[in-house]
Amino acid sequence: MNEVLRFAGVRKAFGSTEVLQAVSLSVKANERVALIGPSGSGKSTLLRMAAGLEFPDSGSVETLGTPVGEGRSVRDIRRNLLQVRAGLGVVFQSYNLFPHMTVLANLIEAPVHVQKVPREQAVERAHDLLERVGLSAKVDSRPAELSGGQQQRAALARALMTRPQLLLLDEVTSALDPQLVDGVLEVIVSIAEEENVAMLVVTHELGFARRIADTVHFLSEGNVVESGPPAQVIDAPLLQRTREFVGL
Ligand code: ADP
Ligand code: MG
């Protein structure tokens, strides 16, 4: 499968607010795509649609080859959603971890109880990932005992437990104290280098987008108005509104 995500002519309104007008974009296997744009431009809505947490008014969303929210029956639609979610890793801005569980229990929960991976195998993968995100010492801690940056690194490790083909990251550092941001971004960069995983990343950290993205899309007033490699969209945008957004 070459494309892991495809939005085609996606339109979405909330009440009388037209959030997305006709968005088409895709993410290829192993490709890293960054979505940038002003607050309220519909970035989170797009990510939520990719995960089947929201549905377009018109147009289509296909995640990992499965049409999201479509099917011949309710059962069909549900089965498609479960299939999509099984191949995805998702991390949002905050509140990602189950607060009453240890870090290890957070990581192995879905693999063991939903996907029926043998417990020892899941524990082994969890230890490996926690080491890579620098949290080996926190295996038995609860989320409240971790800093925000450590929580987000644990959430990233958890999202990778099932070896997803596509990782959706929505402003994963925007709730963090400034001194914790870089540690989390570094972990994402190293994951991008080590794992075969495509990423769709919403971020306002332009330096990070420049480092990680193969392709950047700038979203403005409901449309993708400029797309290309970071060297174009971030460093030498063609459109005036993109130039203003990136501060040129
Ligand atoms: P971004 O992530 O780019 O800041 P969002 O996708 O969160 O933008 O939101 C885009 C617009 O849609 C905003 O005006 C927001 O208030 C509105 N919106 C998002 N989700 C909902 C919802 N569930 N109900 C009503 N309005 C929503
Ligand atoms: Mg958002």
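Residues numbered from 1 in each chain as written. Chains lettered and ligands numbered in written order. Predicted model: local features only at pLDDT ≥ 70, side-chain atom pairs only at ≥ 80, totals over all residues. Heavy atoms only, no water.

Before going further, it helps to examine the packing of helix 5 (residues 148-160) against helix 6 (residues 178-194). At a closest axis distance of 8 Å, the pairing of helix 5 and helix 6 adopts a crossing angle of 15°. By the criterion of interaxial angle, the relationship of helix 5 to helix 6 is roughly parallel. In the packing of helix 5 onto helix 6, the handedness of the crossing is right-handed. Along its contact with helix 5, which presents Gly 148, Gly 149, Gln 152, Arg 153, Leu 156 and Leu 160, the element helix 6 presents Leu 180, Gly 183, Val 184, Val 187, Ile 188 and Ile 191. For the contact of helix 5 with helix 6, the per-class residue count stands at seven nonpolar, four polar and one charged. (Axes fitted to C-alpha atoms, helices over the stretch in contact; angles between N-to-C directions. Helix = DSSP H or I, 4+ residues; strand = E, 2+ residues; numbered from the N terminus. Parallel < 35°, antiparallel > 145°, perpendicular 65-115°, else oblique. Left-handed = near helix turned anticlockwise from the far one by under 90°. Contact = heavy atoms within 4.5 Å. Nonpolar A, V, L, I, M, F, W, Y, C, P; charged D, E, K, R; others polar.)

What follows covers the nonpolar core. If you look at the biggest cluster of nonpolar residues, it comprises 50 residues, and the most contacted ones within it are Ile 108, Leu 130, Leu 156, Leu 169, Ile 188, Met 199 and Ile 212. When residues in this core are grouped by element, the largest group, eight residues, is from helix 6. Non-local contacts of Ile 212, meaning those with residues more than four positions away in its chain, are made with Arg 32, Ile 188, Val 189, Ala 192 and Met 199. By size, the runner-up hydrophobic cluster in this structure holds 28 residues, among which are Leu 5, Ala 51, Val 84 and Ala 198. (Core = buried A, V, L, I, M, F, W, Y, C linked by side-chain atoms within 4.5 Å. Buried < 20%, exposed > 50% of the residue type's maximum accessible area, 1.4 Å probe, protein only.)

On to the sheet that holds strand 6 (residues 88-91), then. The sheet built from six strands is open, its strands ordered 6-7-8-3-9-10 with mixed pairing. Edge strands, defined here as strands with exactly one partner in the open sheet, are strand 6 and strand 10 (223-228). Taking each pair of neighbouring strands and ignoring which way they run, the sheet shows an average axis angle of 15°. Bridge analysis of strand 7 (residues 166-170) against strand 8 (residues 198-202) gives five bridges, and the strand direction is parallel. Of the residues in strand 8, the one forming a bridge with Leu 166 is Ala 198. (Pairing = 2+ DSSP bridges.)

Moving on: helix 4 (residues 119-132). The terminal C-alpha atoms of helix 4 lie 20 Å apart, and with 14 residues this matches the ideal 20 Å at 1.5 Å per residue to within 8%. Residues of helix 4 that are buried make contact with helix 3 (103-114) and helix 5. The positive-phi residue at the C-terminal boundary of helix 4 is Gly 134, with phi of around 75°. (Expected span 1.5 Å × (residues − 1).)

Looking now at the UniProt feature "domain: ABC transporter" (unreviewed entry) in the chain. Sequence positions flagged by UniProt for "domain: ABC transporter" (unreviewed entry) are, in local numbering, residues 5-246. Spanning residues 5-246, this segment combines 39% helix with 25% strand, and its end C-alpha atoms are found 26 Å apart. (UniProt positions renumbered as here; feature names shortened; annotations may be inferred.)

Here we come to the packing of aromatic side chains. Applying the stated criterion to the full structure yields one aromatic pair. Between Phe 218 and Phe 245, the aromatic rings sit 5.2 Å apart at their centres with planes inclined by 40°, giving tilted as the arrangement. With a gap of 27 residues between them, Phe 218 in strand 9 (residues 215-220) and Phe 245 in helix 9 (residues 240-246) connect regions that are remote in the sequence. Overall, the relative accessible area of 1% leaves Phe 218 in the buried class. Directly above the aromatic system of Phe 98 lies the positively charged group of Arg 158, at a separation of 4.9 Å from the ring centroid. (Phe/Tyr/Trp six-rings, centres within 6.5 Å; stacked < 30°, edge-to-face > 60°. Lys NZ or Arg CZ within 6 Å of the ring centre and 35° of its normal.)

Let us now look at the pattern of salt bridges. In a structure, side chains of opposite charge can pair up when their charged atoms sit close to one another. Inspection of every chain in the model, using the stated rule, returns 14 salt bridges. A salt bridge links Arg 11 to Asp 57; its shortest N-O distance comes to 3.8 Å. One end of the pair, Arg 11, is in strand 1 (residues 3-14); the other, Asp 57, is in the loop between helix 1 (43-50) and strand 4 (58-63), with 46 residues separating them in the sequence. Note on Asp 57: relative accessible area 39%, which makes it partly exposed. Asp 57 is paired through a salt bridge with Lys 12; the nearest N and O atoms lie 4.0 Å apart. With a gap of 45 residues between them, Asp 57 in the loop between helix 1 and strand 4 and Lys 12 in strand 1 connect regions that are remote in the sequence. For Lys 12, a relative accessible area of 9% translates into the label buried. (Salt bridge = Lys/Arg side-chain N within 4 Å of Asp/Glu carboxyl O.)

Quick look at the site of ligand 1 now. Around ligand 1, the structure places Phe 14, Val 19, Pro 38, Ser 39, Gly 40, Ser 41, Gly 42, Lys 43, Ser 44 and Thr 45. A distance of 2.8 Å is found between an oxygen atom of ligand 1 and a side-chain nitrogen or oxygen belonging to Lys 43. Of all the elements, helix 1 adds the most residues to the shell around ligand 1, at three residues. When its residues are assigned to classes, the shell around ligand 1 shows three nonpolar, six polar and one charged. (Near = heavy atom within 4 Å. Polar contact = N/O pair within 3.5 Å; in protein donor to acceptor, adjacent residues only side chain to side chain.)

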